[in-house]
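# Summary of the model geometry
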Amino acid sequence: MLVICVVSLCAWLPMAPALAYDNPELLPDTQTAIIDLAKSLSARQEESLDSKLNDFEAETGWKLRVLTQYDQTPGRAVKDFWGLDDRSIMLVADPRGGNLLNFSVGDAVYDLLPRTFWIELQTRYGNQFFVRENGEDNSILSALESIQGCLRQGGCNVVPGLPQEQWVLTLITSIVGGVICGFAAHPRKPDQIFAWQWVLIFSPLWGILFFAFGIGPVVTRTSDWLPLTRNIAGFLIGALVAFLTPILGNQASNSET
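Residues numbered from 1 in each chain as written. Predicted model: local features only at pLDDT ≥ 70, side-chain atom pairs only at ≥ 80, totals over all residues. Heavy atoms only, no water.

- In the annotation of an unreviewed UniProt entry, the entry for the protein reads Methanol dehydrogenase, and the organism field reads Phormidium tenue NIES-30.

Shown next, in the form of structure tokens:
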């Protein structure tokens, strides 16, 4: 009986008001290009970035805005606050999800920066490993730098720059492509030196690995010759080793007999 009375009494007590998720009151009183509710940027970074974004808009006509949030957000009120239109890009940084970065992009932007660009940008700079090693501030600043650079040069199909882990992947695919090409070129007849027919037959496989996955991502993201040279060398070494290995094995077996 006592428990029932206590529960009934609690039901009449005034409850604490729940915090609204969409709250226009979170908007600042003065116009600014950055609303840093999650405090991802330092005061100096925020001041410098605000100036750069305003200068960029005056120079190019493209409007870039930054919203960081955690448990509260002004929601759709930012659209009217910033006057977002087809030539606007809003970066939303929210650490609660699996990826820090999200983008709200105007329709006119897709003519210069396709949807694949935004997926790659989010994956490169918003993933948990990058944020953990470089911080939320560098994740935001790096993404904005890529966007500004691409808009200045008239658009990008891919995110500029070749991260170390991505280059390693292209090197591996180049080597694997070379190995397949080398094995395919191994002579299968006593009087044959190079089986070019088999190289052509397997060309869709080693060609995709080498050209599409080994060379393509490099030349589209950087003008540096070093990673390209290394990938070509990896392909040639892989092909040479795969081509000579059966020959050396046959010679060794013949010498033993």
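## A short note on the layout of surface pockets
- Here the largest pocket defines a volume of roughly 310 Å³.
- Around the largest pocket, the lining comprises 17 residues; the ones closest to its centre are Val-78, Lys-79, Leu-84, Met-90 and Ser-104.
- Tallying contributions element by element places strand S3 (residues 88–93) first for the lining of the largest pocket, with four residues. (1 Å grid on protein atoms, 1.4 Å probe; cavity = no way out; pocket = protein on both sides within 12 Å on 5 of 7 lines; lining within 4 Å. Points joined across faces, edges and corners; volume = space filled by probe spheres on them. Helix = DSSP H or I, 4+ residues; strand = E, 2+ residues; numbered from the N terminus.)

## Digging into a nonpolar patch on the surface
- Together, Ile-193, Phe-194, Trp-196 and Leu-200 give the surface a local cluster of nonpolar side chains, amounting to about 490 Å² of exposed area.
- Looking at where Trp-196 falls in the secondary structure, it is placed in helix H7 (residues 196–201).
- With relative accessibility at 49%, the residue Trp-196 sits in the partly exposed group. (Patch = residues over 30% accessible without salt bridge, like charges linked within 9 Å, V, L, I, M, F, W, Y side chains within 5 Å. Areas by Shrake-Rupley, 256 points an atom, 1.4 Å probe, with all protein chains shown as cover. Salt bridge = Lys/Arg side-chain N within 4 Å of Asp/Glu carboxyl O. Buried < 20%, exposed > 50% of the residue type's maximum accessible area, 1.4 Å probe, protein only.)

## Some thoughts on helix H6 (residues 164–185)
- The first and last C-alpha atoms of H6 sit 32 Å apart over 22 residues, in line with the 32 Å expected at 1.5 Å per residue.
- The complete set of buried residues in H6 reads Trp-167, Thr-170, Leu-171, Thr-173, Ser-174, Gly-177, Gly-178, Cys-181, Gly-182, Ala-184 and Ala-185. (Expected span 1.5 Å × (residues − 1).)

## Brief notes about the packing of aromatic side chains
- This structure, assessed with the given rule, holds ten aromatic pairs.
- Summarising the aromatic geometry, the rings of Phe-81 and Trp-82 are spaced 6.1 Å apart at their centres and angled 55 degrees between planes, so their arrangement reads as tilted. Comparing Phe-81 with Trp-82, the two get one shared label, buried.
- Ring centres 5.8 Å apart and planes at 40 degrees place the aromatic pair Trp-206 and Phe-235 in the tilted group. (Phe/Tyr/Trp six-rings, centres within 6.5 Å; stacked < 30°, edge-to-face > 60°.)

## Observations regarding the sheet that holds strand S1 (residues 34–36)
- Ordered in space as S1-S2-S3-S4, the four strands form an open sheet in which the pairing is mixed. Of all strands in the sheet, those bounded by a partner on one side alone are S1 and strand S4 (101–105). The mean inter-strand angle of the sheet, taken between neighbouring strand axes irrespective of direction, is 15 degrees.
- Here S3 pairs with S4 via five bridges, running antiparallel. In the strand pairing of S4, Val-92 is matched with Asn-102.
- Its contacts with the sheet put helix H2 (residues 43–60) on S1 and strand S2 (63–68), and the angle it makes with S2 is roughly 155 degrees.
- Across the sheet, helix H5 (residues 128–152) touches S2, S3 and S4, and the angle it forms with S2 is around 165 degrees. (Pairing = 2+ DSSP bridges. Axes fitted to C-alpha atoms, helices over the stretch in contact; angles between N-to-C directions. Contact = heavy atoms within 4.5 Å.)

## Regarding the packing of H2 against H5
- Remark: H2 packs on H5, axes separated minimally by 12 Å, with the N-to-C direction vectors making an angle of 15 degrees. Classified by the interaxial angle, the pair formed by H2 and H5 is roughly parallel. Handedness of the H2/H5 crossing: left-handed. When H2 is examined against H5, the residues Gln-45, Leu-49, Lys-52, Leu-53, Phe-56 and Glu-59 are found in contact with a partner set consisting of Asp-137, Leu-141, Leu-144, Gln-148, Leu-151 and Arg-152.
- Along the lines of polarity and charge, the residues of the contact of H2 with H5 split into six nonpolar, two polar and four charged. (Parallel < 35°, antiparallel > 145°, perpendicular 65-115°, else oblique. Left-handed = near helix turned anticlockwise from the far one by under 90°. Nonpolar A, V, L, I, M, F, W, Y, C, P; charged D, E, K, R; others polar.)

## Observations regarding the environment of Leu-27
- If you trace the backbone, Leu-27 turns up in the loop between helix H1 (2–12) and S1.
- Along the sequence, Leu-27 and Pro-74 sit 47 residues apart, while their C-alpha atoms lie 6.4 Å from each other.
- For Leu-27, the residues in contact, after removing those within four places along its chain, are Ile-35, Pro-74, Ala-77, Val-78 and Phe-81.

## Remarks on the pairing of S2
- Counting buried residues in S2 gives six out of six residues, a clear majority hidden from the surface.
- Summarising the sheet, S1 and S2 pair through three bridges and their orientation is parallel. Residue pairing for S2: Asp-36 is matched across the bridge by Thr-68.
- Handedness of the crossover joining S1 and S2 through H2 is recorded here as left-handed. (Right-handed = clockwise from strand over helix to strand, strands pointing away.)

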